[in-house]
Amino acid sequence: MQATALIVSNDTTFAETMKGLLQGWGMTVALSGDSTPPPPPGAEIVLLDIRQDNSEGLTLLLAIRGKMPEAEVILINRPDNIPLSIAGMQAGAAD
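Notes on the structure in this doc start here. Note that the structure is predicted; figures quoted are calculated from it, not measured.

### Some remarks on the overall build of the chain
Scanning the chain from terminus to terminus reveals 3 helices and 4 strands. Written out in order from the N terminus, the α and β elements of the chain read β-α-β-β-α-β-α. Of the contacts made within the chain by residues no fewer than 6 positions apart, 68% connect residues no fewer than 24 positions apart. Per element, the accessible surface of the chain, about 5,300 Å² overall, is 56% carbon and sulfur.

Printed below as a string of structure tokens:
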């Protein structure tokens, strides 16, 4: 069975690079740069890029968790923004 991933990022270059990598691993990948991404049917993994969004990323995380409670949400953050990473994990992110 092929896994489905959703990449949410405003950084187009990053999103396209990750898409190619995940597709190379056999995944089906959808991209979204919007603040309200449409979840692809059966998406099991969400890569949520919060490097530029600050606290708006947490709002988006909560919206994704509400629409896709079964999906694993992985936050992509800057290494110097530990408080946002902690808040994201408390809000339901996997990593």
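There's more to say after this.
### Considering the pairing of strand β2 (residues 28-32)
Across 5 bridges, the pairing between strand β1 (residues 4-8) and β2 is parallel. Looking at the pairing, Val8 lines up with Ser32 of β2. For the handedness criterion, the β-α-β arrangement of β1, helix α1 (residues 12-24) and β2 is classed as right-handed.

### Focus: α1
Since there are 3.6 residues in each turn of an α-helix, residues three or four apart along the chain are aligned in direction. Relative to the 18 Å expected for 13 residues at 1.5 Å per residue, α1 spans 18 Å between its end C-alpha atoms, a close match to the ideal helical length. Taken as a whole, α1 has its buried residues at Phe14, Ala15, Met18 and Leu22. Along the axis of α1, the buried positions cluster into a sector of 95 degrees, meaning they face one direction only. Along α1, exposed side chains directed more than 90 degrees from the buried face belong to Thr12, Thr13, Thr17 and Gly24. Looking at the buried side of α1, the elements it contacts are β1, β2, β3 (45-49) and β4 (72-76). Looking one or two places after α1, you find Gly26, whose phi comes out positive at around 90 degrees.

What counts and how
Residues numbered from 1 in each chain as written. Predicted model: local features only at pLDDT ≥ 70, side-chain atom pairs only at ≥ 80, totals over all residues. Heavy atoms only, no water. Helix = DSSP H or I, 4+ residues; strand = E, 2+ residues; numbered from the N terminus. Contact = heavy atoms within 4.5 Å. Areas by Shrake-Rupley, 256 points an atom, 1.4 Å probe, with all protein chains shown as cover. Pairing = 2+ DSSP bridges. Right-handed = clockwise from strand over helix to strand, strands pointing away. Expected span 1.5 Å × (residues − 1). Buried < 20%, exposed > 50% of the residue type's maximum accessible area, 1.4 Å probe, protein only. Arc of directions from axis to C-beta.

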